[in-house]
Amino acid sequence: MSGKRQARDHPHIGLAVLAAGAMALGLAAGLRFLGLIEKIDGVLENVFSPEGIAPPPNALSHIVLWGGSALLAFILPAVILNVPGLWRRLVIWGLTLALTFAWVPVLMLAAHKPEIGVALVAVLWSGFCAIFYTTNHVLPVDKPQSTNHGAS
């Protein structure tokens, strides 16, 4: 079998969602362990901090940060794998990434440090994994539907 899988094979969408989400969270945890997430968060804070203003005093709860990132890491591939067409999938991935990134100024206005590097990595990697999966498998939403409306 070269190229896409044969139409009779059924892709394992649930397993793909679990794998993409777990890999995204694993990557985020690894980058956090290496100290790279803190550098991403620091760059975001420097870019969005107005000059002459003290840095935000509050930090996000780790439960909120990792819980929200886990939701994004698993929901995004589930949506991508159940939407037909590559263009639509790319739009969903891009908009999710943009909305996640848009939380930086919101957190700054709420006097919280913009520590969303974990969520950005989770969205980036889980979306990439889901898009990659769709390019190598024929999903049920991509199969042509029969137009037989009961006519004999």
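This is a predicted model, so every value here is computed, not measured. (Residues numbered from 1 in each chain as written. Predicted model: local features only at pLDDT ≥ 70, side-chain atom pairs only at ≥ 80, totals over all residues. Heavy atoms only, no water.)

Visitor: Explain the overall build of the protein here, please?
Guide: Scanning the protein from N- to C-terminus turns up six helices and zero strands. Along the protein, helices and strands appear, N-terminal first, in the series α-α-α-α-α-α. When each of the 152 residues of the protein is scored for burial, the buried share is 34%. The long-range share in the protein, meaning contacts at least 24 apart out of those at least 6 apart in sequence, stands at 82%. Per element, the accessible surface of the protein, about 9,200 Å² overall, is 71% carbon and sulfur. (Helix = DSSP H or I, 4+ residues; strand = E, 2+ residues; numbered from the N terminus. Buried < 20%, exposed > 50% of the residue type's maximum accessible area, 1.4 Å probe, protein only. Contact = heavy atoms within 4.5 Å. Areas by Shrake-Rupley, 256 points an atom, 1.4 Å probe, with all protein chains shown as cover.)

Visitor: Sorry if this is basic, but what is going on with the environment of A111 here?
Guide: Checked against the element boundaries, A111 lands in the loop between helix 5 (103-109) and helix 6 (117-136). Separated by 54 residues in sequence, A111 and P57 place their C-alpha atoms 6.4 Å apart. Residues within four places of A111 in sequence aside, it is in contact with P56, P57 and N58.

Visitor: Teacher, can you tell me more about the pattern of salt bridges here?
Guide: Pairs can form between side chains of opposite charge whenever their charged atoms are close. Applying the stated criterion across every chain yields a total of one salt bridge. Close ionic contact of E38 with R32 constitutes a salt bridge, the shortest N to O distance being 3.7 Å. For E38, a relative accessible area of 37% translates into the label partly exposed. A residue is classified by how much of its surface remains accessible, and R32, at 23% relative accessible area, is partly exposed. (Salt bridge = Lys/Arg side-chain N within 4 Å of Asp/Glu carboxyl O.)

Visitor: Help me understand the packing of helix 1 (residues 13-34) against helix 3 (residues 62-80), please; the structure alone is not making it clear to me.
Guide: Packed helices, taken two at a time, are described by the angle between their axes plus the distance between the axes. The geometry of helix 1 relative to helix 3 is characterised by a closest axis approach of 8 Å and an angle of 145° between their N-to-C directions. In the crossing of helix 1 with helix 3, the sense of the turn from one axis to the other is right-handed. On the side of helix 1, the interface is formed by V17, L18, A20, G21, A22, A24, L25, A28, A29 and R32, while helix 3 contributes H62, W66, S69, A70, A73, F74, P77 and A78. For the contact of helix 1 with helix 3, a count of residues per class yields 14 nonpolar, three polar and one charged. (Axes fitted to C-alpha atoms, helices over the stretch in contact; angles between N-to-C directions. Left-handed = near helix turned anticlockwise from the far one by under 90°. Nonpolar A, V, L, I, M, F, W, Y, C, P; charged D, E, K, R; others polar.)

Function-wise, these values are silent; they only describe arrangement.
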